[in-house]
Amino acid sequence: MIEIQNLTKDYGKIRALDDVSFTVEKGEIVGFLGPNGAGKSTTMNIITGFISSTSGTVRVAGYDVLENPVEVKKHIGYLPEQPPLYPDMTVSEFLDFCAELKKVPRREWKSQKKDIMELVKVTHVSHRLIRNLSKGYRQRVGLAQALVGSPEVLILDEPTVGLDPKQIIEIRKLIKALGKKHTIILSTHILPEVSAVCDRVIIINKGRIAAVDTPENLSRKLSDFSRFTITVAGPEKRVREILQGVDGVKEVSVGGKPAEDETSFIVEADKDRDVRRPIFNQLAAAGYPILELKSMNLTLEEIFLQLTTTEAKEAV
Amino acid sequence: MLAILRRDFRSYFNSPIAYVLIGLFICIMSLFFVDSLNAGVANFSSNFISSMSFMLLFIVPILTMRSFSEDKKSGTEVLLLTSPVRLSQVVLGKYLAATAVFLVLTAVSLVFPLVLLIYGKPDGATLFSAYLGFILLGMVFISVGVFASSLTENQIVAAIITFVSLFTLTSFSYIGSYVGGLVGKVLNWLAFMEKYYEFSAGIIDITSIIFMLSFAVVFVFLTVRILERKRWSQG
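Residues numbered from 1 in each chain as written. Chains lettered and ligands numbered in written order. Predicted model: local features only at pLDDT ≥ 70, side-chain atom pairs only at ≥ 80, totals over all residues. Heavy atoms only, no water.

### Side note on the UniProt feature "transmembrane region" (unreviewed entry) in chain B
All names here are of chain B.
Working step 1: This chain's UniProt record puts "transmembrane region" (unreviewed entry) on residues 12-34, 46-64, 95-119, 125-149, 156-179 and 199-224.
Working step 2: In the segment residues 95-119, helix accounts for 96% and strand for 0%; the C-alpha atoms at its two ends are 37 Å apart.
Working step 3: Note that residues 125-149 is 100% helix and 0% strand, and that its end C-alpha atoms are spaced 36 Å apart. (UniProt positions renumbered as here; feature names shortened; annotations may be inferred. Helix = DSSP H or I, 4+ residues; strand = E, 2+ residues; numbered from the N terminus.)

In structure tokens form, the structure reads like this:
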């Protein structure tokens, strides 16, 4: 449904997107995960034809964004980060305007409008000015706007940002339900959001794709401590013996010597076994403190650390 | 295009801007009206409509300042530019909406000739020609204003750019006669105010009509180019 190849975007000297390629199949819900400024919005703006890429191609439903922008735009409903609403219109007027812009046939529009408003639950505010709506309702009207003309592809840029927890759950449910009929790309910097709604995750950081996988696989990879580095204060030979003596450890090699009496080891263990606790216990018993222990899957870890800390901050 | 035209037109009247502009315009013009009646000018209608045109220098910047600037600021620009509508249609819709408001203003101003008709015998042909000139001039001014508002997301800046550009454009024939030479010739050729004076003198020249309309078309086209360039910008 969506094919993106070698997409690059430069803003002056800053490279916002660097050789990004991925495809989204029909009916998939794909999550775009990354810290702020990773290039999520830029990618979305390029797919929707709002800005152009420096190089690379984007095809939606078989049409190239540059060659056939109008045809591509017909297939896409877009909710940008800031919902594009006219404050001086009522919800109903605004949706009528969107339907006209997207050339929805009049006969269809009447029933479709009713369905959309019920789906995003804005029927009871349909005659109020958008100016007077709360942030949560504005977000919903923004979503309604994206649904006008029932486009095959929905692109939602941080659809739950600024909502209260109850609204977030509702919107996630709604997106999940929409996923049955539409192909959806949504962006977020919140990790649990992805596992709640998405079939597949694309992790993007500093304009590059860091990983593409299902949410389950990603979290498994994260908790994978079969290969890690450990830094211990103590004599190298003795510590190595203790490490090798732990049940489940397959291989131990020296990774470096950060200080005189400290040694870093690279440990490989059985996949389905968490050897961190026994290692701690035995080293503690021998009187050699562990200074550091981290997974070797560094880049992914770092991104996730950033992501999870943002979520934690927001929860406070 | 029609959708955008209708929405923008309604938005002008949803906010006080259209009412204030039309009210202010009529207020000031009625002062001019009484004043020129007292002065007893020979060719009343053309004289009066010339002063109406002078007022356009102040009216148009305020009319067009929000055209694109507001969409940029509120983020609705994304909606317009990601809809399956051609860029030229977006620009044309916005341009025609401002023009429609201007035509409403023109229609309201017909009250002055009406008073003349009741109490005297103005020259109908001159009146028509002067009004035609007024409308064409308004269309040129609005195209400049819409262009200016596509340059910035700040409405005040848009209004100032429009005012300064209009002021410069209208003084081309003065500047031209000072400068002389080739530059002077070019400026004189571009001086649409000269063409406008023909209308107010009662001369309807088809080349002048085409000249002024093409002036408006050029600026509408430039607006499309500006928006397109934005899309491609690397900075």
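### Section: the interface of chain A and chain B
Working step 1: If you look at the interface, chain A gives 32 residues, while chain B gives 28 residues.
Working step 2: Between chain A and chain B, a total of about 2700 Å² is buried, with carbon and sulfur atoms accounting for 58% of that surface.
Working step 3: When the buried area of chain A at its contact with chain B is split by residue, Phe 50, Tyr 86 and Leu 101 of chain A rank highest and sum to 24% of it.
Working step 4: Summed over the shared surface of chain A and chain B, the result is two salt bridges.
Working step 5: When the shortest N-O distance is used, the salt bridge between Glu 100 of chain A and Arg 6 of chain B registers 2.1 Å.
Working step 6: Taken together, the links from chain A to chain B amount to eight residue pairs in polar contact (both at pLDDT 80 or more). (Contact = heavy atoms within 4.5 Å. Buried area = accessible area lost by both parts, 1.4 Å probe. Salt bridge = Lys/Arg side-chain N within 4 Å of Asp/Glu carboxyl O. Polar contact = N/O pair within 3.5 Å; in protein donor to acceptor, adjacent residues only side chain to side chain.)

### Notes on the pattern of salt bridges
Working step 1: Across all of its chains, the model carries 19 salt bridges over all chains by this definition.
Working step 2: Linking Arg 15 of chain A and Asp 10 of chain A is a salt bridge whose minimum nitrogen-to-oxygen distance equals 2.8 Å.
Working step 3: Judged by relative accessible area, Asp 10 of chain A falls into the buried class, the value being 15%.
Working step 4: Residue Arg 208 of chain A is joined to Asp 18 of chain A by a salt bridge in which the shortest nitrogen-to-oxygen separation is 2.9 Å. One end of the pair, Arg 208 of chain A, is in strand E10 (residues 208-213); the other, Asp 18 of chain A, is in strand E2 (residues 14-24), and 190 residues separate them in sequence.
Working step 5: The buried category is assigned to Asp 18 of chain A, whose relative accessible area is 18%.
Working step 6: Three or more residues joined by partner-sharing salt bridges are found here, namely Asp 88 of chain A together with Arg 7, Asp 8, Asp 71 and Lys 94 of chain B. (Buried < 20%, exposed > 50% of the residue type's maximum accessible area, 1.4 Å probe, protein only.)

### Here we look at the domain arrangement of chain A
Working step 1: Looking at chain A, the domain boundaries give domain 1 (2-220) and domain 2 (224-296).
Working step 2: Taking only C-alpha atoms into account, the centre of domain 1 of chain A sits 46 Å from that of domain 2 of chain A. (Domains from an automatic or database assignment.)

### Details of the sheet that holds strand E7 (residues 153-157) of chain A
All names here are of chain A.
Working step 1: Taken in spatial order, the six strands line up as E6-E7-E8-E3-E9-E10 in an open sheet, and their pairing is mixed. The open sheet has two edge strands, strand E6 (76-79) and E10, and neither has a second partner. Taking each pair of neighbouring strands and ignoring which way they run, the sheet shows an average axis angle of 15 degrees.
Working step 2: Packed on one face of the sheet, helix H5 (residues 135-147) meets E6 and E7 and runs near 165 degrees to E6. (Pairing = 2+ DSSP bridges. Axes fitted to C-alpha atoms, helices over the stretch in contact; angles between N-to-C directions.)

### Observations concerning a nonpolar patch on the surface
Working step 1: Nonpolar side chains collect at one region of the surface, where Val 111, Leu 114, Val 115, Leu 117, Ile 118 and Tyr 119 of chain B lie side by side and expose about 640 Å² of accessible area between them.
Working step 2: Position of Leu 114 of chain B relative to the elements: it lies in helix H7 (residues 111-119). (Patch = residues over 30% accessible without salt bridge, like charges linked within 9 Å, V, L, I, M, F, W, Y side chains within 5 Å. Areas by Shrake-Rupley, 256 points an atom, 1.4 Å probe, with all protein chains shown as cover.)

### What to know about the environment of Val 91 of chain A
Residue and element names in this part refer to chain A.
Working step 1: Considering the arrangement of structural elements, one finds Val 91 in helix H3 (residues 91-101).
Working step 2: In this structure the C-alpha to C-alpha distance between Val 91 and His 127, which are 36 residues apart in sequence, comes to 6.1 Å.
Working step 3: If near-sequence neighbours (up to four positions away) are discounted, Val 91 is found in contact with Val 122, Val 125, Ser 126, Arg 128, Ile 130, Leu 133 and Val 141.

### Things to note about the sheet that holds E2 of chain A
All names here are of chain A.
Working step 1: Here four strands make up an open sheet; going across it, the order is E2-E1-E4-E5 and the pairing antiparallel. Each end of this open sheet is capped by a strand with a single partner; those strands are E2 and strand E5 (63-64).
Working step 2: Along the sheet face, helix H1 (residues 40-47) touches strand E1 (2-11), E2 and strand E4 (55-60) and points at about 120 degrees away from the line of E1.

### Let's talk about the side chain of Ser 69 of chain B
Working step 1: Structurally, the position occupied by Ser 69 of chain B is in helix H4 (residues 69-74).
Working step 2: When near neighbours in sequence (up to four residues on either side) are disregarded, Ser 69 of chain B contacts Ser 149, Thr 152, Glu 153, Asn 154, Gln 155 and Ala 158 of chain B.

### Here we look at helix H8 (residues 124-149) of chain B
Working step 1: Taking 1.5 Å per residue, 26 residues should reach 38 Å; H8 of chain B reaches 37 Å between its end C-alpha atoms and fits that length.
Working step 2: Taken across its 26 residues, H8 of chain B has 20 buried, putting it largely inside the fold. (Expected span 1.5 Å × (residues − 1).)

### Here we look at the packing of helix H3 (residues 44-64) of chain B against H8 of chain B
Residue and element names in this part refer to chain B.
Working step 1: It is at 9 Å that the axes of H3 and H8 come closest, and there the two elements cross at 15 degrees. Classified by the angle between their axes, H3 and H8 sit roughly parallel to one another. Two packed elements cross with a definite hand, and for H3 against H8 that hand is right-handed. Across from Ser 45, Ser 46, Ile 49, Met 52, Ser 53, Leu 56, Leu 57, Val 60, Leu 63 and Thr 64 in H3, the residues of H8 making contact are Thr 126, Leu 127, Ala 130, Tyr 131, Phe 134, Leu 137, Gly 138, Phe 141, Ile 142, Gly 145, Val 146 and Ser 149.
Working step 2: Of the residues contributing to the contact of H3 with H8, the split by class is 14 nonpolar, eight polar and no charged. (Parallel < 35°, antiparallel > 145°, perpendicular 65-115°, else oblique. Left-handed = near helix turned anticlockwise from the far one by under 90°. Nonpolar A, V, L, I, M, F, W, Y, C, P; charged D, E, K, R; others polar.)

### Digging into the packing of aromatic side chains
The geometry of an aromatic ring pair is captured by two quantities: the separation of the ring centres and the angle between the planes.
Working step 1: Applying the stated criterion across every chain, the model contains 17 aromatic pairs over all chains.
Working step 2: Grouped by ring-pair contacts, the aromatic residues Phe 54, Phe 58, Phe 163 and Phe 167 of chain B constitute a single cluster.
Working step 3: For the cation-ring pair, Arg 7 of chain B lies above Tyr 86 of chain A, with the distance from its terminal atom to the ring centre recorded as 3.4 Å.
Working step 4: When the ring centre of Phe 211 of chain B is taken as origin, the NZ or CZ atom of Lys 195 of chain B, which lies over that ring, is 4.7 Å away. (Phe/Tyr/Trp six-rings, centres within 6.5 Å; stacked < 30°, edge-to-face > 60°. Lys NZ or Arg CZ within 6 Å of the ring centre and 35° of its normal.)

### Notes on the confidence of the model for chain B
Residue and element names in this part refer to chain B.
Working step 1: Looking at chain B as a whole, the pLDDT averages 88, with 97% of positions reaching at least 70.
Working step 2: For chain B, per-element mean pLDDT is lowest for helix H10 (residues 172-179), which scores 80, and highest for helix H6 (residues 87-109), which scores 94.
Working step 3: In the predicted complex, the global pTM is 0.82; the interface-specific ipTM is 0.87. (pLDDT = per-residue confidence, 0-100.)

### Some thoughts on the environment of Asn 154 of chain B
Working step 1: With respect to the helices and strands, the residue Asn 154 of chain B is situated in the loop between H8 and helix H9 (155-170).
Working step 2: Expressed as a C-alpha distance, the spacing of Asn 154 of chain B and Met 52 of chain B, which sit 102 residues apart in the sequence, is 28 Å.

### Observations concerning the nonpolar core
Working step 1: Counting 143 residues, the largest nonpolar core has Phe 94 of chain A together with Phe 192 of chain B as its most contacted members.
Working step 2: Considering each element in turn, this core owes the most residues, 12 residues, to H8 of chain B.
Working step 3: Excluding its chain neighbours within four sequence positions, the residues that come into contact with Phe 192 of chain B are Leu 137, Val 140, Phe 141, Leu 169, Thr 170, Phe 211, Met 212 and Phe 215 of chain B.
Working step 4: Of all hydrophobic cores here, the second largest spans 16 residues; its members include Phe 228, Leu 243, Val 246 and Ala 269 of chain A. (Core = buried A, V, L, I, M, F, W, Y, C linked by side-chain atoms within 4.5 Å.)

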